[in-house]
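Descriptive structure summary
Spelled out, the chains give:
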Amino acid sequence: MAPALVWLTALMVVPCALVLALAFFRRGIYGGIEYTFTLENFGLVFDPLYAGIFLNSARIAGTATLIAVVIGYAAAYALSAAPRRLQPVFLFFAVLPFWSNYLIRTYAWIVLLNREGLITQLLRWFGYTGEPPSMLYTEGAVIAGLVYNYLPFDILACYAPLSRLNPELAEASRDLGASAMTTFRRVILPLTVPGIAAGAVFVFVLSIGNFVTPALLGGGRFQMIGNLVYDQFLTANDWPFGAALAMALIAIMLLVLMAQALAADRVSGRAAQVSGGADG
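Quick caveat: nothing in here was measured; it's all calculated off a predicted structure.

1. Remarks on the packing of aromatic side chains
- In the structure shown here, the tally under the stated rule is 16 aromatic pairs.
- In this structure an aromatic cluster arises from ring pairing among Phe98, Tyr102, Tyr150, Phe153 and Phe202.

Listed below in structure tokens is the structure:
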């Protein structure tokens, strides 16, 4: 484990420690860092203005996560129900977007959603002659971009427990008189909750800290916490406050990950009891 631990320490722990240290200093009069100890930066994080940006970021990320979980679970369920020999092919197409650059995938949505884009042309082809709808630079465009870019993570996370699910459990449920919907709701869904939770955490954590998608698809109208951190470091030149914001964001991500791990442990224990009962 030594190489992996050295890698994580050098490229993750040390940079995070440096960012944390910056948060305890002041911004210089002309920018930069004044090495005077203070806790003002962390207090400023809870200012209503910045707290509102945190809440708005969580709302947008939560909406994107909910949509991605619904679509991703449905896609993963269809993948797991396909013939075994075809599942690798379908998985290949599910992760195919990762073969292109994130910026290229995001710019593709600009081509789709702008007033002279493909969607507007398609509407005109069907006979629509009114004013082109405003789809770009909206909150919906930001959510659509986040869902599209992170949906493969959710599909893979949900597919893993579905593919390992013992088919005898569903057969036993049907033998006992349960309908297909009841079997799904009371057997399949509870046993695959860890995958759903893992996929949701992937999408939420990546979405709440994202700054590229809101900048490109939101046109700067919808500022998320990632954009605020970016602006503090590269525009306002206030590295200490940017570091405090970054550490607050990391703390939120860690809390979400801890909650997901605890929930997964509890569900795994229940799943083991169900499997043991079925084997008995």
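We are not done yet, so read on.
2. Looking at the packing of helix H4 (residues 87–95) against helix H7 (residues 139–164)
- Orientation of H4 relative to H7, taken along the N-to-C sense of each, is 150 degrees, at an axis distance of 9 Å. The pairing of H4 with H7 is recorded here as roughly antiparallel in orientation. Considering only the axes of H4 and H7, their crossing is left-handed. Where H4 abuts H7, its residues Gln87, Leu91, Ala94 and Val95 lie against Pro152, Ile155, Leu156 and Tyr159.
- Residue composition of the contact of H4 with H7, grouped by class: seven nonpolar, one polar and no charged.

3. Quick notes on the packing of helix H3 (residues 48–81) against helix H10 (residues 193–208)
- Put simply, H3 and H10 touch, their axes get as near as 8 Å, and they point 145 degrees apart. The handedness of the crossing between H3 and H10 comes out as right-handed. Counted together, Ser57, Ala58, Ala61, Gly62, Ala64, Thr65, Ala68, Val69 and Tyr73 of H3 and Ile196, Ala200, Val203, Phe204, Ser207 and Ile208 of H10 form the full contact between these two elements.

4. Details of the confidence of the model for the chain
- Mean pLDDT over the chain: 87, with 95% of residues reaching 70 or higher.
- Taken element by element, the chain is modelled with least confidence in helix H13 (residues 239–279), mean pLDDT 78, and with most confidence in H3, mean pLDDT 94.

5. Brief notes about the layout of surface pockets
- By volume, the largest pocket is sized at about 290 Å³.
- Lining the largest pocket are 13 residues, with Ser80, Ala81, Leu162, Leu165 and Pro167 sitting closest to its centre.
- Sorting the residues of the lining of the largest pocket by element identifies H3, H7 and helix H8 (167–175) as the ones contributing at least two each.
- Its residues assigned to classes, the lining of the largest pocket comprises seven nonpolar, four polar and two charged.

6. Some remarks on H4
- Along H4, the positions that sit buried rather than exposed are Gln87, Leu91 and Ala94. Looking straight down H4, one finds that the buried residues subtend no more than 55 degrees of arc, so they occupy a single side.

7. Overview of the UniProt feature "transmembrane region" (unreviewed entry) in the chain
- UniProt annotation of "transmembrane region" (unreviewed entry) refers to residues 6–25, 37–55, 61–82, 89–110, 141–162, 183–208 and 239–263 when read in the numbering used here.
- With 74% helix and 0% strand, the stretch residues 37–55 has end C-alpha atoms that lie 28 Å from each other.
- This span, residues 183–208, is 96% helix and 0% strand, and a straight line between its end C-alpha atoms measures 35 Å.

8. Focus: unusual backbone geometry
- Residue Tyr137 is not a glycine yet carries a positive backbone phi of 60 degrees.
- Locating Tyr137 in the fold gives a position in the loop between helix H6 (118–125) and H7.
- Phi at Asn237 takes a positive value of approximately 60 degrees, unusual for a residue other than glycine.
- By the secondary structure assignment, Asn237 is in the loop between helix H12 (225–234) and H13.

9. Observations concerning the side chain of Asn149
- In this structure, Asn149 sits in helix H7.
- Residue classification places Asn149 among the buried positions, given a relative accessible area of 2%.
- If near-sequence neighbours (up to four positions away) are discounted, Asn149 is found in contact with Phe98, Tyr102, Arg105, Thr106 and Thr213.

10. Observations concerning the environment of Thr120
- Counting through the fold element by element, Thr120 comes out in helix H6.
- In sequence terms Thr120 and Leu216 are 96 residues apart; their C-alpha atoms lie 19 Å from each other.
- Look past the residues within four positions of Thr120 in its chain and what remains in contact with it is Asn114, Arg115, Pro132 and Met135.

11. Digging into a nonpolar patch on the surface
- Judged by side-chain polarity, Val89, Phe90, Phe92, Phe93, Leu96, Phe98 and Trp99 come together as a nonpolar surface patch covering roughly 680 Å² of accessible area.
- Inspection of the secondary structure assignment puts Phe90 in helix H4.

12. Digging into the pattern of salt bridges
- Tallied over the entire structure, the rule returns two salt bridges.
- With its nearest N and O atoms 2.6 Å apart, the salt bridge here joins Arg59 to Glu139. Of this pair, Arg59 sits in helix H3 while Glu139 sits in helix H7; the two residues are 80 residues apart in sequence, bridging distant segments of the chain.
- Judged by its relative accessible area of 40%, Arg59 falls in the partly exposed class.

13. A closer look at the side chain of Thr183
- Along the chain, Thr183 falls in helix H9 (residues 180–191).
- Polar contacts involving the side chain of Thr183 include one to the side chain of Ser173, which spans 2.9 Å.
- Setting aside residues no more than four positions away along its own chain, Thr183 makes contact with Ala170, Ser173, Arg174, Ala178 and Ile188.

Criteria and thresholds
Residues numbered from 1 in each chain as written. Predicted model: local features only at pLDDT ≥ 70, side-chain atom pairs only at ≥ 80, totals over all residues. Heavy atoms only, no water. Phe/Tyr/Trp six-rings, centres within 6.5 Å; stacked < 30°, edge-to-face > 60°. Axes fitted to C-alpha atoms, helices over the stretch in contact; angles between N-to-C directions. Helix = DSSP H or I, 4+ residues; strand = E, 2+ residues; numbered from the N terminus. Parallel < 35°, antiparallel > 145°, perpendicular 65-115°, else oblique. Left-handed = near helix turned anticlockwise from the far one by under 90°. Contact = heavy atoms within 4.5 Å. Nonpolar A, V, L, I, M, F, W, Y, C, P; charged D, E, K, R; others polar. pLDDT = per-residue confidence, 0-100. 1 Å grid on protein atoms, 1.4 Å probe; cavity = no way out; pocket = protein on both sides within 12 Å on 5 of 7 lines; lining within 4 Å. Points joined across faces, edges and corners; volume = space filled by probe spheres on them. Buried < 20%, exposed > 50% of the residue type's maximum accessible area, 1.4 Å probe, protein only. Arc of directions from axis to C-beta. UniProt positions renumbered as here; feature names shortened; annotations may be inferred. Patch = residues over 30% accessible without salt bridge, like charges linked within 9 Å, V, L, I, M, F, W, Y side chains within 5 Å. Areas by Shrake-Rupley, 256 points an atom, 1.4 Å probe, with all protein chains shown as cover. Salt bridge = Lys/Arg side-chain N within 4 Å of Asp/Glu carboxyl O. Polar contact = N/O pair within 3.5 Å; in protein donor to acceptor, adjacent residues only side chain to side chain.

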